[in-house]
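Chain by chain, the residues:
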Amino acid sequence: MTERGRHNGEAILSARGIVNRFGRQHVHDDIDLEVGRGEILGIAGGSGSGKTVLLKTLTGLHRPDRGTVLIAGKPVEELGHAERASLIGVLFQQGALFSSLSVAQNVMLPLREHTELKPDEQERIAAMKLQLAGLTADTGIKVPAQLSGGMVKRAALARALALDPRILFLDEPTSDLDPLTASGIDALVKQLNEALGITVVIVTHDLTTLFTVCHRVALLVDHKIVIDTVEKLMHSRNPWIHDFLHGPRAQGAMEARKEARTESHGNR
Amino acid sequence: MKRASAGASAATLTLHGEGDRLALEGALETQTLAEATRALGQWLHERATGGHRRALDLKALSGLDTPGALFLCELREKGVELTGASAEHKALLDFIGGLELKPLLKVPVTPRWREIVIKLGKGADEAAHETYAVIAFLGRAASEIARAFAHPSRLRLPSISRHIAETGISALPIVGLMAVMISIVIAYQGVVQLRPYGGEDFTINLVAVSVLREMGVLITAIIVAGRSGSAFAAEIGVMKAREEIDALRVMGLEPMEMLVVPRLIALIITLPLLTFFSDIMGLAGGAVITQFLLDVSPLQYVARVHTAVDWKDLFVGIVKAPVFAVVIGIIGCMHGLRVHGSAESVGRETTRAVVKAIFLVIVMDAFFSILFEKLGL
């Protein structure tokens, strides 16, 4: 894990008293959440526990019934267009790449709209972002329909990074991917966090991602949220959390965590 | 990474010093990059020649993002020495510098005239393939229908009745309304054109003949192509996109028999009935509007219609309906089955189905006009 960023004081993203209801059904009941600068926070929970709604609330796409979300100290709904674009980047679950544009054009779209850079500079930056996301420059002329699942995620990540946002939101970045590609995405997220100091919020089901990439984990349980490091959550008395982190799949993820730890210590 | 401020517009960058040594102060970020490129580009250009040892001091740089780092890396490659970078910025520079950077590939540009020729050729080729595909699909559908009638257990009556309700009964209001509107249009034009010759009474003949022979069936077919042709394409298309068609095949069920045959049969049954309904509504609309324009009572109107048209005119209109039904049904189902992959494809095929169905209906109608004229009907 990186020394940089983690808990260096100020919170870049904070949500206070979030309440979300759909009809009579409570999804979130008074949720508080703080994400520090440079931190990687994982958000997990059972199906239908409101992970995606929480992500939409944090990014300002969904207005909560009560509560506020502050990004860099400013309420999310008061952010201007360009300001929002330079603060947050979102990787949607299906990529949400614009199908009528090529991959490079997808990455260049925010650059074109929000900056005064010349086209050739935009292209250079787009090529660099694609490389950052682990794609080669020749992927740029392809259209999204020609990409494989893993490449779609990487291209969408390159687009999310287009304006060097300070917070990156990832919605299920490893879903529908084979284990090898999924580990590649995990490593990429970690690398971007370390190299660029970017704050990352990951919504995921993937225990390996939670165990190996995230600094802290937020679990949505009974419409509330429990945030802590994986170690402490492992000893939670809540039966759901216990089962979630001790299930058969958790064993493998824990192994991966140990391995990742020793590896990163060996490197230093 | 620190930034001068959260607001994108607030980031500033200034350039100090002169000669071979310059210093950057402020934030070198996406927002200030255009400015930096302009200022430093000139400096580089001026000092490109001779043994200048150019250096750029980054001590006072408060913010640096990846495009900024990319720009500095490019400067470094051009021989500019970067000095005084903070550890954080140095790490970022090394990271970006370590990427294997290649320019984006360009899409090859074809000249305009060649593009037109290529499009023309492709269009002609496609048209030939399309014609073949429609005929082949028609053949397959016909053989499936024949097989269904040979084994009546394969005739899916519940499915047929559902499609009759959807394509027929729920279309009644719109078809009736359109028929009334069309006869109002014809009656108005007829009265205006025929009045100078004192023949405005013939407006009734005009309305009756054109509604029964042409307008009733044509309007009905166009509305049904828009309503049901598109629905067929979209329903089957969504099933295709979600692999439901493949699921049917794997279970040993023939999509043609399950999906296409009931829709076709239903449409062949409903379109003539709808046409008849549309004829009646058109004549009724004519009765109302001529009473208003010509003071003809409904009874007089009926007597007049009786002399103006006979069963032959009604037959000429309605006999076209099953043919149009086949055209609409075949085109709709065929384009539905052509969907592959994404939701975008469903929209495209649905549009194509409607356009092609309406086009073919009108072409067939012209063909029938000539045919009936030659036959003396």
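Scroll up to find the structure this text is about.
Residues numbered from 1 in each chain as written. Chains lettered and ligands numbered in written order. Predicted model: local features only at pLDDT ≥ 70, side-chain atom pairs only at ≥ 80, totals over all residues.

A look at the overall build of chain B
- Scanning chain B for helices and strands turns up twelve helices and four strands.
- Rg of the C-alpha trace for chain B: 36 Å, well past the compact-globule value of 21 Å for 377 residues, more than 25% over.
- On the principal axes, the C-alpha backbone points of chain B span a range of 105 × 65 × 45 Å.
- Here chain B, with 377 residues, has 36% of them falling under the buried criterion.
- A sequence separation of at least 24 residues applies to 79% of the contacts in chain B between residues at least 6 apart. (Helix = DSSP H or I, 4+ residues; strand = E, 2+ residues; numbered from the N terminus. Rg over C-alpha atoms; globule rule 2.2 N^0.38 Å. Buried ≥ 20, exposed ≤ 12 C-beta atoms within 10 Å, placed from the backbone. Contact = placed C-beta atoms within 7 Å.)

A word on the interface of chain A and chain B
- The interface of chain A with chain B comprises 30 residues on the first partner and 28 residues on the second.
- Broken down by secondary-structure element, the contributors of at least two residues to the side of chain A that touches chain B are α2 (81–87), α4 (119–132) and α6 (179–196) of chain A.
- The dominant element in the side of chain A that touches chain B, judged by the number of residues it contributes, is α4 of chain A, at nine residues.
- Tallied by class, the residues present in the side of chain A that touches chain B amount to 16 nonpolar, six polar and eight charged. (Nonpolar A, V, L, I, M, F, W, Y, C, P; charged D, E, K, R; others polar.)

Remarks on the sheet that holds strand β4 (residues 81–83) of chain B
All names here are of chain B.
- Across the sheet, which stays open at both edges, the four strands sit in the order β1-β2-β3-β4 with mixed pairing between neighbours. Because the sheet does not close on itself, it has two edges, and the strands there are β1 (13–16) and β4. On average, each strand axis in the sheet is tilted by 25 degrees relative to the strand beside it, whichever way the strands run.
- Here strand β3 (residues 55–64) pairs with β4 via three bridges, running parallel. Along β4, the bridge assignment pairs alanine 55 with glutamate 81.
- Contacts from helix α1 (residues 30–46) reach β1 and β2 (21–28) within the one sheet, and its direction differs from that of β2 by about 175 degrees. (Pairing = 2+ DSSP bridges. Axes fitted to C-alpha atoms, helices over the stretch in contact; angles between N-to-C directions.)

Some points on the pairing of β3 of chain B
Residues and elements named next belong to chain B.
- Bridge count for β2 against β3 is seven bridges, and the pairing is parallel. The residue bridging leucine 22 from the neighbouring strand is leucine 56, located in β3.
- With respect to chirality, the unit in which β3 leads through helix α2 (residues 66–77) into the neighbouring parallel β4 is right-handed. (Right-handed = clockwise from strand over helix to strand, strands pointing away.)

Considering helix α10 (residues 298–308) of chain B
All names here are of chain B.
- Within the span of α10, buried status applies to Tyr301, Arg304 and Val305. Down the axis, α10 shows its buried residues gathered within 100 degrees of arc, on one side only. Looking at α10, the residues exposed on the side facing more than 90 degrees away from the buried face are Leu299, His306 and Thr307.
- In this structure, the buried side of α10 is in contact with α7 (203–241) and α9 (255–294). (Arc of directions from axis to C-beta.)

Considerations on unusual backbone geometry
- Residues other than glycine seldom take positive phi values, yet alanine 72 of chain A does so here, at roughly 50 degrees.
- Counting through the fold element by element, alanine 72 of chain A comes out in the loop between β4 (66–71) and β5 (74–75).
- You will see that aspartate 295 of chain B, though not glycine, has its phi angle at about 55 degrees, which is positive.
- As for its position among the elements, aspartate 295 of chain B is in the loop between α9 and α10.
- On the basis of neighbour count, aspartate 295 of chain B is assigned to the exposed category, with 8 C-beta atoms found within 10 Å.

Bear in mind that shape data such as this cannot, by itself, settle questions of function.
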